[in-house]
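# Breakdown of the fold
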Protein chains: 4
Amino acid sequence: MRVRNPPDTRTGVPADLAEVERLAAARLPPDVRDFIAGGSGDEVTLAANRAALDGVGVVPRTFAGVEAADTGVSLVGTRAALPVAVAPMAYQCLVHPEGEVAAAAAAGAAGVPFTVGTLSSRTVEEVAKTGAPLWFQLYWLRDRGLVGELVARAEEAGCQALVITVDVPVMGHRRRDVRNGFALPAEVRAAHLVAGPTEAHERRDVGSGVAEHTSAVFDPTLGWRDLEWLRARTRLPLVVKGVLDPLDAARCVGLGASAVVVSNHGGRQLDGAVPSVTALPRVVEAVAGAGDVLFDSGVRSGTDVLRALALGATGVLLGRPVLWGLAVDGERGVARVLELLRAEFAQALLLAGCADVDAARRLATVSTGRGAP
Amino acid sequence: MRVRNPPDTRTGVPADLAEVERLAAARLPPDVRDFIAGGSGDEVTLAANRAALDGVGVVPRTFAGVEAADTGVSLVGTRAALPVAVAPMAYQCLVHPEGEVAAAAAAGAAGVPFTVGTLSSRTVEEVAKTGAPLWFQLYWLRDRGLVGELVARAEEAGCQALVITVDVPVMGHRRRDVRNGFALPAEVRAAHLVAGPTEAHERRDVGSGVAEHTSAVFDPTLGWRDLEWLRARTRLPLVVKGVLDPLDAARCVGLGASAVVVSNHGGRQLDGAVPSVTALPRVVEAVAGAGDVLFDSGVRSGTDVLRALALGATGVLLGRPVLWGLAVDGERGVARVLELLRAEFAQALLLAGCADVDAARRLATVSTGRGAP
Amino acid sequence: MRVRNPPDTRTGVPADLAEVERLAAARLPPDVRDFIAGGSGDEVTLAANRAALDGVGVVPRTFAGVEAADTGVSLVGTRAALPVAVAPMAYQCLVHPEGEVAAAAAAGAAGVPFTVGTLSSRTVEEVAKTGAPLWFQLYWLRDRGLVGELVARAEEAGCQALVITVDVPVMGHRRRDVRNGFALPAEVRAAHLVAGPTEAHERRDVGSGVAEHTSAVFDPTLGWRDLEWLRARTRLPLVVKGVLDPLDAARCVGLGASAVVVSNHGGRQLDGAVPSVTALPRVVEAVAGAGDVLFDSGVRSGTDVLRALALGATGVLLGRPVLWGLAVDGERGVARVLELLRAEFAQALLLAGCADVDAARRLATVSTGRGAP
Amino acid sequence: MRVRNPPDTRTGVPADLAEVERLAAARLPPDVRDFIAGGSGDEVTLAANRAALDGVGVVPRTFAGVEAADTGVSLVGTRAALPVAVAPMAYQCLVHPEGEVAAAAAAGAAGVPFTVGTLSSRTVEEVAKTGAPLWFQLYWLRDRGLVGELVARAEEAGCQALVITVDVPVMGHRRRDVRNGFALPAEVRAAHLVAGPTEAHERRDVGSGVAEHTSAVFDPTLGWRDLEWLRARTRLPLVVKGVLDPLDAARCVGLGASAVVVSNHGGRQLDGAVPSVTALPRVVEAVAGAGDVLFDSGVRSGTDVLRALALGATGVLLGRPVLWGLAVDGERGVARVLELLRAEFAQALLLAGCADVDAARRLATVSTGRGAP
Ligand SMILES: Cc1cc2nc3c(=O)[nH]c(=O)nc-3n(C[C@H](O)[C@H](O)[C@H](O)COP(=O)(O)O)c2cc1C
Ligand SMILES: Cc1cc2nc3c(=O)[nH]c(=O)nc-3n(C[C@H](O)[C@H](O)[C@H](O)COP(=O)(O)O)c2cc1C
Ligand SMILES: Cc1cc2nc3c(=O)[nH]c(=O)nc-3n(C[C@H](O)[C@H](O)[C@H](O)COP(=O)(O)O)c2cc1C
Ligand SMILES: Cc1cc2nc3c(=O)[nH]c(=O)nc-3n(C[C@H](O)[C@H](O)[C@H](O)COP(=O)(O)O)c2cc1C
């Protein structure tokens, strides 16, 4: 039997996202790898996200008669080359010294909006220099003045939407972090918050520094009135991230949000929460066209993007795979991830007989597995 | 690759229930471990209990606007800090010399009702000294006089409810015990029954001493008339434990029971019985608010408590995990188990957007797996 | 860790059917073990039979108020101590020199009807000497005169029912036998057919001797008219074995059959056939009380008997486990198997709150897995 | 324990298709084996095809009263000894020097139509010399003149139907080929296209030569108007291959196609596409008898043929197993594969109580697993 070269060592260019994941896993310290890969509790929801996506069977159309599919789309008013934006993810300097700057540069080059997090390890101003289309993600901080400041900075820096994350009143119990006594290294900071070290940097025998920090600075009382407060305070479109209940989604758009993100935070918050894709069609129905419906939690391929569209999503947020790319090769790594996804999605459109993203939203689906809607 | 310290040896404080289980398994003699862990027959129901719970997807609500969820609740009239009571479990001195006294002390400190079993290895009077809120569990003994005495002793000792277990006309066929020739060591006794050694203490090559004892002293003819007899005999609220059929549940409350426990005895009685959580919603519907509906068989995390509430339960009974904690570190071990569960449940409430236990009972659920309702 | 004695070597008395299976597997030559255990084709139906049974969740009733359940029943007019008869199985001398005589003796002692096969390796007259209640199973032979003779011999020998097997127009393709080049040893003969060696005794490199023999002597043209022929020829009750389609079942009783056996021949005939238990409720509904509905294919425990009854069966046929017992210890082994099953079933009745077999037929079931009805 | 000879080395004659697969896998270079076995993307659809087929439970009828089932059928007007045709598969010289000629010869001898592909490595004229009933498969080439020529050559050579494959606007992303840097060896050519080496022959470190070639010569714009163009150009019956959507199927027959093939190209095109068998009954319903409905993607046994018929298919295309047979032993190997399939199918008919193919189409089915319709 011929010995087959592992493809990555042969060319250095991973041929699919799973390869990027393997490469990243080999490169990262175990506790950082766990911080990224892990979910909360028994990780039932983490696993169910994938199982449910794999169970969505798409019914392709034939005879499309198109040369090349148009993958472009408008997401919450931002023009995007793909129905994809980069999900907000904290502390990207953990996996690469350039952190969010490198990731955003790659996203910008790919025509994909990048979401700068409240817990970004590079400031929104630094990230904005990349020229990438930006969104800004808000966590609800106990220090309301700081929230106002962040909104102002985001607007100033040219962000085109505000993403308010509503599924982290407190951080989910991520057992891997607790067991690893995970804490941030000194050089990784929440660049928009305080300058010095925080609870997040204190190593414990058992317990997550990041979770401690979150509970110190986040305000769990975030409620509907706060959405109204925010709505009144900015002219940017608002995206509410972390919605799984149809009634909540309807209320969000009723209160002026431009979009919701159907998400269970990648299985990192409530373990036992419904798989995100299972919840998607009901939210789509409830929003009924009154806003965009984005989707995340488990997207790993162009086919997953197609599945989400076929179930009615406007687009998806890409999470962990971006961090894999960043860990492997900084900006180039993220570029590779987005290029792989673009190529897969463009091909998926063609193979499904769709000339564009709208056509994909008219595809039928069939449930063929566990938790698939 | 960095070698990761097993967390428990690092601090001695397990970070989740699964760790407590592993620690207990390492500490207990194999036949005792099997007596606790085992189910009846092919253990199909034992496994199905977990599979069905994992398949319950909860739909969390966002924008709850609450600082900290209130976990308090009234269970069958007993005020509890959590919607949790400790399930009746026989012979707790098997796993720790202090047995029920240690477990009840921990429960009391946590504000959780403790159920003293007919087959308790410490007397209800001893257990009552811990000051914990107590319930008393009745098995239907052939010696009816003794049943009456037990009721009187329970009332006298300040127990706040009587739990009558109706799913053990005879003991389920627990193959592990039979193969192990399991019998009680001389120092572990059913403290409320006879003083000397019984069938339960006779070691056999094959066969379960505990099962032999049960069939000698239990009266399998327990019927509806006996519930009426008991109802007439005590002013304590009655809880009927081991109900899976909706009509039976309705009849129980019709005859004056204050609550039923939807339970298949942790997969230890009829193998092939419906998973307990599958049966739960139908019982809730049948009881229709006329009594409390408690749930057990498979609860292992705060998320499981949330799942049960979302399906309409008033609260749950916690079984095996209490014995794990007791085996690992006596009262302290049980305290750790209850504290882990409390923290998980409090967090689950917050993450699900619930200000209190009642809000949890209004959550929607989605079936995402095998046997989930 | 204490080393646990394998229970069987400790006492020689297996504690459950799975143990009997292991013991038998260790004792039998691999090709005989394969002949018994194997199914046809990819063995999809063989595996599905079990999966579907395991997915049947029974809803037990509480407060039955019975001391001991009555397991007795009438099966096709034959009084039986259990709702169980021994399925017809060919060539039992393959696994024990006494063959059908030993098995029938054990069945008789247990009050369980024994079915003598057309391909029995002991004659019906020899078997009848055991005094066991007997049924006789007919294969449709090309030699119609011989069929008539067999009917006459069965009546003469006191058989109380004729079981006509209709799912073997030809033998299913059992790959294990084909690969093993399976053939009968010289001393094992179809005692009711020719005296000398047949195709069944010719060893091939590849190919099943037993299948060759079947295709030489069986008449695949068995049709409805033949059922009428048979009906007219005997006063014995007729049982049609191998019915999965509800319309076929209705027609059988319409033509005067007293019962049907819902069976896929233990996954040995059409691979890809519906699991037998999946088909059961529809057949029960179609027969609508106009005849008995027996069930086989996968019964391995008292719980399985209960499941079948709860789905409407009158009783079950026990197949492979009888051969395991016979292989392990002849008559004593079969007695052990039947005693284990009896004990399990009696207990299952009690635990399900059923005073008798009729009560079991009123239990509700819930589907909790793959293929369960 | 007796050591069992692997059956294939004993006689050289594999006893079932799985054995043929094993033998072929052992004989082929790993990259060719991967080219044949592989699917696109994560191979979710590839696996789902089998899972869904295994979940189709057929309900056999008893008392068929037939001696031997008639397996003959008309497929798109071609008389066939089985409801089976050989699927179009490119480059068969990859696995055997005689390639399509050997495979067609075996098909012809078995009375099974053989489909010559556009990418055949032997010309249709060479293949026609075998005398086998032929169909010709068209890919839509950028060079429309060449398409016209191929149609003419196919007619001239006596092909009895044109199969137009519509699910390959571009080639699916087959990761195994990409990782293997798969390319054709110099001696294997698309005999109907250019004479010299093409992109398909260029070895890359990473990337599929075959995919590069496809995208150079295939016209992705194939649309409904092209079907009309083709319909007007030939009197041969048209078969549209790669249809999963019921509306598409209805439109195909509306535009004059004689048949559709429900297929996801063996999981090689859109990963995430619905399992082919899941889509089958809806297409059958939509076509409503106005054309034949063929089925492929996962057929591995006579039972699978029966399943497809029971779900309403007219017949099936046999794909990969033909290549296994060809790899193992050329014409003889394919003959063995077809003979195994014939024997299995003939037996499946008998065991299901079907006198002929039409009877099989009246069988009921029950879903017993993942993705089964
Ligand atoms: C390491 C990491 C950090 C994250 N940080 C944030 C964050 O700061 N704000 C936020 O709204 N979501 C955060 N998320 C959640 C993502 O936005 C997204 O919802 C999730 O990653 C989607 O799941 P997937 O990565 O499995 O596709 C984070 C996720 C990961 C993996
Ligand atoms: C070791 C052990 C002993 C038990 N003893 C009793 C008992 O004496 N009375 C009773 O009603 N239930 C008894 N149970 C059942 C529990 O009350 C409860 O129903 C069950 O443990 C729930 O399943 P879980 O532990 O898997 O959550 C016992 C369970 C175990 C594991
Ligand atoms: C070794 C063996 C031989 C059998 N011989 C016959 C037979 O001669 N006649 C018949 O009707 N069924 C025969 N059967 C089928 C059984 O009657 C019964 O339907 C089947 O064993 C049920 O499946 P189970 O054993 O998995 O429960 C045979 C089964 C086995 C395993
Ligand atoms: C190696 C290989 C080459 C193929 N080439 C073609 C082709 O040239 N044209 C075509 O229409 N389908 C082609 N197919 C798809 C088959 O026609 C058929 O749809 C598929 O093999 C069915 O799946 P199965 O082999 O798993 O049953 C090819 C399939 C394989 C495995």
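The notes below deal with the structure included here. (Residues numbered from 1 in each chain as written. Chains lettered and ligands numbered in written order. Predicted model: local features only at pLDDT ≥ 70, side-chain atom pairs only at ≥ 80, totals over all residues. Heavy atoms only, no water.)

Moving on to the overall build of chain A. Scanning chain A for helices and strands turns up 15 helices and 12 strands. Its C-alpha atoms give chain A a radius of gyration of 20 Å, within 12% of the compact-globule value 21 Å for 373 residues. Counting only C-alpha atoms and orienting by the principal axes, one finds that chain A spans roughly 60 × 60 × 40 Å. Taking all 373 residues of chain A together, 66% fall into the buried category. In chain A, 72% of the contacts between residues at least 6 apart in sequence involve partners at least 24 apart. About 11,900 Å² of surface is accessible on chain A, with carbon and sulfur atoms providing 51% of the total. Each charge sign in chain A was given a centre, from 38 positive and 42 negative side chains, and these centres are 3 Å apart. (Helix = DSSP H or I, 4+ residues; strand = E, 2+ residues; numbered from the N terminus. Rg over C-alpha atoms; globule rule 2.2 N^0.38 Å. Buried < 20%, exposed > 50% of the residue type's maximum accessible area, 1.4 Å probe, protein only. Contact = heavy atoms within 4.5 Å. Areas by Shrake-Rupley, 256 points an atom, 1.4 Å probe, with all protein chains shown as cover. Lys, Arg positive; Asp, Glu negative; His and termini not counted. Charge placed at Lys NZ, Arg CZ, Asp CG, Glu CD.)

Next up on the list: the site of ligand 4. Residue and element names in this part refer to chain D. Taken together, 22 residues surround ligand 4, and among them Pro 88, Thr 165, Asp 296, Arg 300 and Arg 320 come closest. Take Pro 88: an N or O atom from its main chain is 2.8 Å from an oxygen atom of ligand 4. One of the side-chain nitrogen or oxygen atoms of His 265 is found 3.3 Å away from a nitrogen atom of ligand 4. If ligand 4 stood free it would expose 600 Å²; the protein chains cover 98% of that surface. Taken together, the elements giving at least two residues each to the shell around ligand 4 come down to helix H3 (30-37) and helix H14 (320-351). (Near = heavy atom within 4 Å. Polar contact = N/O pair within 3.5 Å; in protein donor to acceptor, adjacent residues only side chain to side chain.)

Right, let's get into the site of ligand 3. Residues and elements named next belong to chain C. Taken together, 22 residues lie around ligand 3, and Pro 88, Thr 165, Asp 296, Arg 300 and Arg 320 are the ones closest in. Within the contact set of ligand 3, an oxygen atom lies 2.9 Å away from a backbone nitrogen or oxygen of Gly 298. Surface burial for ligand 3 is 98%, taken as the share of its 600 Å² of free accessible area covered by protein chains. Secondary structure elements with two or more residues in the shell around ligand 3: helix H3 (30-37) and helix H14 (320-351). Classifying every residue of the shell around ligand 3 gives 9 nonpolar, 8 polar and 5 charged. (Nonpolar A, V, L, I, M, F, W, Y, C, P; charged D, E, K, R; others polar.)

With 36 residues of chain B in contact, the opposing surface of chain A contributes 47 residues. Interface of chain B and chain A: buried area, both sides summed, is about 3,400 Å²; carbon and sulfur atoms make up 57% of it. It is B:Thr62, B:Phe63 and B:Leu351 in chain B that bury the most area against chain A; as a group they hold 22% of the surface buried on that side. On inspection of chain B and its partner chain A, the count reaches 7 salt bridges. The residue A:Arg179 makes a salt bridge to B:Asp16 at a minimum N-O spacing of 2.5 Å. The tally of links from chain B across to chain A stands at 11 residue pairs in polar contact (both at pLDDT 80 or more). Residue assignment for the side of chain B that touches chain A shows that the elements contributing at least two residues are helix H1 (7-11), helix H2 (17-27), strand S1 (56-59), helix H13 (302-310) and helix H14 (320-351) of chain B. At 5 residues, H14(B) tops the list of elements feeding residues into the side of chain B that touches chain A. Looking at the side of chain B that touches chain A, its residues break down into 16 nonpolar, 9 polar and 11 charged. (Buried area = accessible area lost by both parts, 1.4 Å probe. Salt bridge = Lys/Arg side-chain N within 4 Å of Asp/Glu carboxyl O.)

Let us now look at the packing of aromatic side chains. According to the stated counting rule, one finds 16 aromatic pairs over all chains in the structure shown. On the numbers, 4.4 Å between centres and 35° between planes, the contact of B:Tyr139 with B:Phe218 is tilted. Of this pair, B:Tyr139 sits in the loop between strand S6 (134-138) and helix H7 (144-156) while B:Phe218 sits in the loop between helix H9 (209-217) and helix H10 (224-233); the two residues are 79 residues apart in sequence, bridging distant segments of the chain. Across the pair, exposure class does not vary: B:Tyr139 and B:Phe218 are buried alike. Taken together, a centroid distance of 4.3 Å and an interplanar angle of 35° make the contact between C:Trp224 and D:Phe63 tilted. Of this pair, C:Trp224 sits in helix H10 (residues 224-233) while D:Phe63 sits in the loop between strand S1 (56-59) and strand S2 (73-75), which puts the two residues in different chains. For the pair formed by C:Trp224 and D:Phe63, the shared burial category is buried. Looking at B:Arg268, its charged tip hangs above the ring of B:Phe35, at a distance of 5.2 Å from the centre. (Phe/Tyr/Trp six-rings, centres within 6.5 Å; stacked < 30°, edge-to-face > 60°. Lys NZ or Arg CZ within 6 Å of the ring centre and 35° of its normal.)

The next subject is the relation of the copies chain B and chain A. Mapping chain B onto chain A is achieved by rotating through 90° and translating by 0.0 Å along the same axis, at an RMSD of 0.0 Å. In short, the pair behaves as if placed about a four-fold rotation axis. Nearest to the rotation axis, the C-alpha of B:Arg370 is located 5.7 Å from it, this being the minimum over chain B. (Least-squares fit on C-alpha atoms with pLDDT ≥ 70 in both.)

Scanning the entire structure with this criterion turns up 91 salt bridges over all chains. Linking C:Arg122 and C:Glu98 is a salt bridge whose minimum nitrogen-to-oxygen distance equals 3.7 Å. Remark: C:Glu98 occurs in the loop between strand S4 (84-86) and helix H5 (99-110) and C:Arg122 occurs in the loop between strand S5 (114-116) and helix H6 (124-128); sequence separation between them is 24 residues. Judged by its relative accessible area of 17%, C:Arg122 is buried. One connected set of salt bridges, linked through shared partners, spans A:Asp16, A:Glu19, A:Glu344, D:Asp42, D:Arg175 and D:Arg179.

What follows covers the packing of helix H5 (residues 99-110) of chain A against helix H14 (residues 320-351) of chain A. Residues and elements named next belong to chain A. Running from N to C, H5 and H14 point in directions that differ by 20°, and their axes come no closer than 8 Å. Viewed along their axes, H5 and H14 adopt a mutual orientation that is roughly parallel. For H5 against H14, the interelement crossing comes out left-handed. Mapping the contact onto sequence places Gly 99, Ala 102, Ala 103, Ala 105, Ala 106, Ala 107 and Ala 110 in H5 and Val 322, Leu 326, Gly 330, Glu 331, Val 334, Ala 335 and Leu 338 in H14. (Axes fitted to C-alpha atoms, helices over the stretch in contact; angles between N-to-C directions. Parallel < 35°, antiparallel > 145°, perpendicular 65-115°, else oblique. Left-handed = near helix turned anticlockwise from the far one by under 90°.)

Residue and element names in this part refer to chain B. Their axes nearest at 8 Å, the elements helix H11 (residues 246-254) and helix H12 (residues 276-287) cross at an angle of 35°. Our pair here, H11 against H12, has a crossing hand that is right-handed. When H11 is examined against H12, the residues Pro 246, Ala 249, Ala 250 and Val 253 are found in contact with a partner set consisting of Arg 282, Val 283, Ala 286 and Val 287. By residue class, the composition of the contact of H11 with H12 is 7 nonpolar, no polar and 1 charged.

Right, let's get into H12(B). It helps to recall that an α-helix has 3.6 residues per turn; residues three or four apart then point in one direction. Residues and elements named next belong to chain B. Along its 12 residues, H12 runs 16 Å from first to last C-alpha, staying within 8% of the 16 Å computed at 1.5 Å per residue. Along H12, the residues classified as buried are Ser 276, Val 277, Thr 278, Ala 279, Leu 280, Val 283 and Val 287. Looking one or two places after H12, you find Ala 288, whose phi comes out positive at around 55°. (Expected span 1.5 Å × (residues − 1).)

Turning our eyes to something else, we now look at the nonpolar core. Counting residues in hydrophobic clusters, the biggest one holds 545 residues, and the most contacted among them are A:Val240, B:Val240, C:Val240, D:Val240, D:Phe295 and D:Leu306. Residues contacting D:Phe295, with those up to four places away along its chain left out, are D:Leu53, D:Val261, D:Val262, D:Ser276, D:Val277, D:Leu280, D:Ala308, D:Ala313, D:Gly315, D:Val316 and D:Leu317. (Core = buried A, V, L, I, M, F, W, Y, C linked by side-chain atoms within 4.5 Å.)

Another aspect to go through is the pairing of strand S7 (residues 162-165) of chain B. Residues and elements named next belong to chain B. In S7, alternate side chains face the same way, and those of Leu 162 and Ile 164 on one face and Val 163 and Thr 165 on the other are all buried. As defined by bridge partners, S6 adjoins S7 across 3 bridges and the pair is classed as parallel. What sits directly across from Leu 138, in S7, is Ile 164. (Pairing = 2+ DSSP bridges.)

If you look at the interface, chain C gives 47 residues, while chain D gives 36 residues. For chain C, the biggest contributors to the area lost against chain D are C:Arg179, C:Asp248 and C:Leu270; these three give 18% of the whole. Where chain C touches chain D, the interface holds 7 salt bridges. Remark: the boundary between chain C and chain D carries 11 residue pairs in polar contact (both at pLDDT 80 or more). Among the elements of the structure, H3, helix H8 (175-180), H10, strand S8 (238-243), helix H11 (246-254) and helix H12 (276-287) of chain C are those that each provide at least two residues to the side of chain C that touches chain D. Grouping the constituent residues of the side of chain C that touches chain D by class yields 21 nonpolar, 11 polar and 15 charged.

What follows covers the environment of D:Arg336. Residue and element names in this part refer to chain D. Relative to the elements of secondary structure, Arg 336 occurs in helix H14. Taking the C-alpha atoms as reference, Arg 336 lies 27 Å from Gly 312; in sequence the two are 24 residues apart. Contact partners of Arg 336, with chain neighbours within four places excluded, come to Val 13, Pro 14 and Ala 15.

Turning to the environment of A:His96, a few remarks are in order. Residues and elements named next belong to chain A. Here His 96 lies in the loop between strand S4 (84-86) and H5. Taking the C-alpha atoms as reference points, His 96 and Leu 323, separated by 227 residues in sequence, lie 9.0 Å from one another. When sequence neighbours within four positions are dropped, the list of residues in contact with His 96 reads Leu 326 and Gly 330.

The two units chain A and chain C never meet; even their closest C-alpha atoms stay 12 Å apart. A gap remains between chain B and chain D, with no contact made and the closest C-alpha atoms lying 12 Å from each other.

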